[in-house]
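# Architecture and fold: a report
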Amino acid sequence: KTTLINLLMRFYEVDEGRITIDGVDIRNISKDNLRSSFGMVLQETWLKEGTVMENLRMAKENATEEEMTAALKTACAWVFVSSLPNGVNTKIAEHGGGLSEGQAQRIAIARAVLRGAPILLLDEATSALDEKTEAQVLKNLLTALPDTACILTTHRPGALKYCTRLYKAENGALTCIEVNKPA
């Protein structure tokens, strides 16, 4: 899965075959343009030292409070963020120090939502959430971002019911193994 993500983001170049987005070979897209098409939350959550607001504005520098609140609500982060001593102005340590891993993941998801990219890449991005919260985050993403393609990598079978297509990587090939109607 890590190799697939690295190929998709062109951290590695494809040796054989090709990867396309809307029929366009990604090798024909500049790396900057390709990467700007993604909102990403990777398995190891990255937050910078600063306020929650500063972390959110990394995705959209001029984000309004309303936009940040909506993104935090989509990521099921609004309730805990609004209860922090200074709300979105609360300082957090690098890597989300001072927050639980699940809280840090939800702020990172909110940041990716706020970015507004056409493709959302979630690599084990809900691994620290309980099943109920994970389900709510995924439902919220489906509702809030109906036109956004979401690529979800997970080891949790419960998350798969929110996916329209399930793929399996095996023997150097990516194959669609199931088509679902999301929950």
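The structure this text deals with has already been given above.
Quick look at the structure, then. Here the structure is a predicted model, which means the values were calculated and not measured.

A separate point is the environment of Ile151. Relative to the elements of secondary structure, Ile151 occurs in strand E7 (residues 149-153). Note: C-alpha distance between Ile151 and Ala63 (88 residues apart in sequence) is 24 Å. Ile151 has contacts with Leu8, Ile119, Leu120, Leu121 and Leu122, leaving out every residue within four places of it along the chain.

All right, on to the sheet that holds strand E3 (residues 38-41) then. Reading across from one edge, E3-E6-E7 is the order of the three strands in this open sheet, with parallel pairing throughout. This sheet does not close on itself; its edge strands, each paired only once, are E3 and E7. Between one strand axis and the next, the sheet turns through 10° on average, direction left out of account. Sheet analysis places E3 next to strand E6 (residues 119-123), joined by four bridges and oriented parallel. What sits directly across from Gly39, in E6, is Leu120. This element, helix H6 (residues 101-115), spans E3 and E6 of the sheet and lies at about 180° to E3.

Right, let's get into the pairing of E6. Burial analysis of E6 places five of its five residues in the buried class, which makes it a mostly covered element. A two-sided burial pattern is seen for E6, the buried positions comprising Ile119, Leu121 and Asp123 on one face and Leu120 and Leu122 on the other. In the sheet, E6 pairs with E7 via five bridges, with the strands oriented parallel. Looking at E7, one finds that Leu122 is bridged to Leu152. The parallel pair E6 and E7 is bridged by helix H7 (residues 131-144), and the resulting crossover is right-handed.

For the rest of this paragraph, the subject is the side chain of Asn55. Secondary-structure assignment places Asn55 in helix H3 (residues 52-56). Residue Asn55 is classed as buried on the basis of its relative accessible area of 0%. A distance of 2.8 Å separates a polar side-chain atom of Asn55 from the backbone nitrogen of Lys48. Apart from residues no more than four positions distant in its own chain, Asn55 is found in contact with Leu47, Lys48, Gly50, Ile92 and Arg111.

What counts and how
- Residues numbered from 1 in each chain as written.
- Predicted model: local features only at pLDDT ≥ 70, side-chain atom pairs only at ≥ 80, totals over all residues.
- Heavy atoms only, no water.
- Helix = DSSP H or I, 4+ residues; strand = E, 2+ residues; numbered from the N terminus.
- Contact = heavy atoms within 4.5 Å.
- Pairing = 2+ DSSP bridges.
- Axes fitted to C-alpha atoms, helices over the stretch in contact; angles between N-to-C directions.
- Buried < 20%, exposed > 50% of the residue type's maximum accessible area, 1.4 Å probe, protein only.
- Right-handed = clockwise from strand over helix to strand, strands pointing away.
- Polar contact = N/O pair within 3.5 Å; in protein donor to acceptor, adjacent residues only side chain to side chain.

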